[in-house]
Amino acid sequence: MNKIQKPLARTFMGIMVLFIYAPIVSLVVFSFNENKSLTNWGGFSLQWYTKLFDSTDIMTAVIMTLLIAILATLISTVIGTFAAITLSKSKKVIKDMVLTVNNIPIVNPEIVTAVGLLLLFVSFQVDRGYTTMLLAHIAFCTPYVIITVYPKVRSLDPNLAEAANDLGATPLQALRMVILPEIKVAVIAAAAIAFTMSFDDFVISYFTAGSATNISIYLYTLRRGVEPTINALSTIIILVIGLLVTYNYFKSSEEEKKEID
Amino acid sequence: MYKNPVYKEKSPRKKITFNSAQFIGLPYYVVLISLILIPVILIVFYAVTERVNDLFITFSLTYFRQFLNEPAFIKTMFDSIKLAVYTTIVALLVGYPTAYLITKTKKKTQNLLILVLTAPMWVNMLLRTLAWKQIFEMFNASLLGTDFAIITGMVYVFLPFMVLPIYTVLSKIDPKLYEAADDLGASKLETFLKVTLPLSITGILSGVTMVLLPAATTLVIPKYLGKNRYLIGNLIENRFLQFGDWGYGSAIAIILSALIMVMVYLTRKLDRNPEAKE
């Protein structure tokens, strides 16, 4: 890049970073505000953090969000990984049909998936609550597990399972000792996608949860308007995500270094 | 006579492998049919039938007719699509240069920049939208409720979906192509227009689809940044959760899906042209 372009490019990227982080910084800063205002600084205080942990409503929402995300991740990852293995052995017609149906929730707007699941529960007169919310999360996470794991399974050498079999491994042993280690990275990636999708989901939960809540539903249905307790909650979430992202970044750059060496 | 005992033992085992491979996929098929396929069928069913009394239901297109005869609803639909299109254009105009400039840095800086730009994506979308509400209240509260506030919020939330696919495509372009263009006497602008842009069209289109779709159907952003402005997502929410009007709500959902599929189809169509020219 020449002399004029470089500062220009830097300024542009600087503005982008500001655009992306200004709202996040303001969330964090006002979580430490002495008074209730979200726009005027009144001094430093940790009172919103104490209030956050004292609020049963918010704590229930946080715990249920985590619980549902963990269960939905476990179930959809197991179901999806097994299905990916089955699919790789199915006939092409079945495979194509299954993958088409599998893509419905991925291509459709979230709200359409939400409406469909609501109608399902209403039609079969299932009371909506945490169980229906969990079922809904499994419904939208599993397709993502499939599209993440299936390509990896398909690229596996079919002789691998055969070899395990010939060497006397039972199918379960072959799965555990030969196939799973080969697709481990894809399975972990799929679980990570499922977890974030479930943890952040709003629309589908909102339609299928009835009177149950998670963090998103709690925020959306807040009647009194937003209080700095929400900022305190955001700050904690941002901190956890920040740490995870940084850890991952250094871990992966270390691995890259090793590969080069 | 010599017999190979190992061989004999093997054949029944192979059968088990085949059966168990089918068996472990079973829970998925249950999910696929009961939680994905049946809901879609139900949406269509509710949209095209009408309850006569407790026992009978008939085929009817009343709900579709009702929607098309209500100018206020049509206006809401076009309002949503208009805002989504503006958002997509702004996201492209901002996202493309961002992705392009990232590819011009060192590999290590590239990874870091991508991380910096996408990390906030992991934070709950409602919290990020609330953060923008706070920013607007701090600097100019009168902007809340305007198209500007809604578009800003949507660009903010969906920008990574534009930057990532474009970056992926741009970073795969062979640098030798730029050298070749330079050697052949192309100016920087010519290189960009004739080499970079055509090669990145796939990334652009996938970014456009990934921004357009959620932007057209969001519930959260119009509520927080639009001062409870009513867009198509809110209309569906309202029909279902406030009125329990399944049939009407389903009809609107179908119309929305159809419109979006047409837009996605047209976007994909664009992808054909540059390839055909090559």
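Quick caveat, the model's predicted, so the values are computed rather than measured.

J.: I tried to follow the overall build of chain B on my own but got confused; where do I start?
T.: Along the backbone of chain B there are twelve helices and two strands. Going from N to C terminus, chain B has its helices and strands arranged as α-α-β-β-α-α-α-α-α-α-α-α-α-α. Looking at chain B residue by residue over its 278 residues, the buried ones come to 37%. Here the analysis covers contacts within chain B between residues at least 6 apart in sequence; of these, 74% occur between residues at least 24 apart.

J.: Teacher, can you tell me more about the overall build of chain A here?
T.: Helix and strand counts for chain A come out as eleven helices and zero strands. Of the regular secondary structure in chain A, the N- to C-terminal order runs α-α-α-α-α-α-α-α-α-α-α. The C-alpha atoms of chain A give a radius of gyration of 23 Å, which is well past the 18 Å a tight globule of 261 residues would have. Projected onto the principal axes, the alpha-carbon positions of chain A cover approximately 75 × 65 × 35 Å. A total of 261 residues make up chain A; the buried ones form 39% of that total.

J.: Whenever I open this one, the interface of chain B and chain A confuses me. Can you help?
T.: When the parts of a complex come together, some accessible area is lost, and that lost area is often taken as the interface size. On the side of chain A, 64 residues touch chain B, which itself brings 59 residues to the contact. Broken down by secondary-structure element, the contributors of at least two residues to the side of chain B that touches chain A are α1 (5-23), α2 (26-48), α4 (71-103), α5 (107-118), α6 (125-139), α9 (188-217), α11 (232-242) and α12 (246-277) of chain B. Broken down by class, the residue content of the side of chain B that touches chain A amounts to 42 nonpolar, twelve polar and five charged.

J.: Teacher, can you tell me more about the confidence of the model for chain B here?
T.: Reading predicted coordinates in detail is not appropriate for stretches of low pLDDT. All names here are of chain B. Chain-level pLDDT for chain B is 86 on average; 90% of the residues reach the 70-or-more range. Per-element confidence in chain B is highest for helix α7 (residues 147-171), whose mean pLDDT is 95, and lowest for α1, whose mean pLDDT is 52. Here residues 5-18 is modelled with pLDDT under 50, and outside its nearest four sequence neighbours on either side it reaches six contacts, counting other chains as well. Here residues 274-278 is a poorly scored stretch, pLDDT under 50, and it has two contacts once near neighbours within four places are set aside; other chains count. Here the prediction assigns the complex a pTM of 0.87, and the interface score ipTM is 0.86.

J.: Before we go on, may I ask you to explain the domain arrangement of chain B in this structure?
T.: Residues and elements named next belong to chain B. Taken domain by domain, chain B holds domain 1 (22-60) and domain 2 (71-277). Put simply, the middle of domain 1 and the middle of domain 2, counted by C-alpha atoms, are 32 Å apart. Listed as interface residues are five residues of domain 1 and, on the opposing side, six residues of domain 2. Tallying contributions element by element places α2 first for the side of domain 1 that touches domain 2, with four residues. Across the side of domain 1 that touches domain 2, the residue classes break down as four nonpolar, no polar and one charged.

J.: Is there a simple way to explain the packing of helix α6 (residues 130-154) of chain A against α2(B) in this structure?
T.: Packed helix pairs are specified by the crossing angle of their axes together with the interaxial distance, meaning the distance between the axes. Close contact between α6(A) and α2(B) brings their axes to 10 Å; oriented N to C, the two are set at 110 degrees. Here α6(A) lies roughly perpendicular to α2(B), going by the angle between them. Two packed elements cross with a definite hand, and for α6(A) against α2(B) that hand is left-handed. In this structure, α6(A) contributes A:Leu135, A:Ile138, A:Ala139 and A:Thr142 to the contact, and α2(B) contributes B:Tyr28, B:Val31, B:Leu35 and B:Ile36. Taken together, the residues of the contact of α6(A) with α2(B) break down into seven nonpolar, one polar and no charged.

J.: What's the story with α7(B) in this structure? I'm lost.
T.: Because an α-helix completes one turn every 3.6 residues, residues spaced three or four positions apart along the sequence face the same direction. Residues and elements named next belong to chain B. Between its terminal C-alpha atoms α7 stretches 34 Å, which fits the 36 Å expected from 25 residues at 1.5 Å a residue. The largest bend in α7 amounts to roughly 50 degrees and is located at Phe158, with the proline Pro160 lying one to four residues further along. For α7, the tally of buried residues reaches 20 of 25 residues, placing the bulk of the element in the interior.

J.: Explain helix α5 (residues 110-123) of chain A here, please?
T.: Residues and elements named next belong to chain A. Its 14 residues place the ends of α5 20 Å apart at the C-alpha level, agreeing with the 20 Å of an ideal helix rising 1.5 Å per residue. Among the 14 residues of α5, twelve are classified as buried, and the element is accordingly described as predominantly covered. What α5 keeps buried is the set Glu110, Ile111, Val112, Thr113, Ala114, Val115, Gly116, Leu117, Leu118, Leu119, Leu120 and Phe121. A positive phi of about 50 degrees marks Gln125, the residue just after α5.

J.: Is there a simple way to explain unusual backbone geometry in this structure?
T.: With the exception of glycine, the majority of residues adopt a negative phi angle, and the majority of peptide bonds are in the trans configuration. The phi torsion at A:Gln125 lies on the positive side, around 50 degrees, for a residue other than glycine. The topology assignment puts A:Gln125 in the loop between α5 and α6. Positioned with a positive phi, B:Lys227 is a non-glycine residue whose angle comes to about 50 degrees. Note on placement: B:Lys227 falls in the loop between α10 (220-225) and α11. By the C-beta count within 10 Å, which is 13 here, B:Lys227 ends up partly exposed.

J.: Mind showing me how you'd approach the nonpolar core here?
T.: Counting residues in hydrophobic clusters, the biggest one holds 132 residues, and the most contacted among them are A:Val115, A:Leu117, A:Val149, A:Phe207, B:Ile43 and B:Phe158. A total of 16 residues in this core trace back to one element, the largest contributor, which is α7(B). When residues of this core are sorted by domain, at least three fall in each of domain 1 (22-60) and domain 2 (71-277) of chain B.

The rules behind these values
- Residues numbered from 1 in each chain as written.
- Chains lettered and ligands numbered in written order.
- Predicted model: local features only at pLDDT ≥ 70, side-chain atom pairs only at ≥ 80, totals over all residues.
- Helix = DSSP H or I, 4+ residues; strand = E, 2+ residues; numbered from the N terminus.
- Buried ≥ 20, exposed ≤ 12 C-beta atoms within 10 Å, placed from the backbone.
- Contact = placed C-beta atoms within 7 Å.
- Rg over C-alpha atoms; globule rule 2.2 N^0.38 Å.
- Nonpolar A, V, L, I, M, F, W, Y, C, P; charged D, E, K, R; others polar.
- pLDDT = per-residue confidence, 0-100.
- Domains from an automatic or database assignment.
- Axes fitted to C-alpha atoms, helices over the stretch in contact; angles between N-to-C directions.
- Parallel < 35°, antiparallel > 145°, perpendicular 65-115°, else oblique.
- Left-handed = near helix turned anticlockwise from the far one by under 90°.
- Expected span 1.5 Å × (residues − 1).
- Bend = angle between axes of the 7 residues up to and from the residue.
- Core = buried A, V, L, I, M, F, W, Y, C linked by C-beta atoms within 7 Å.

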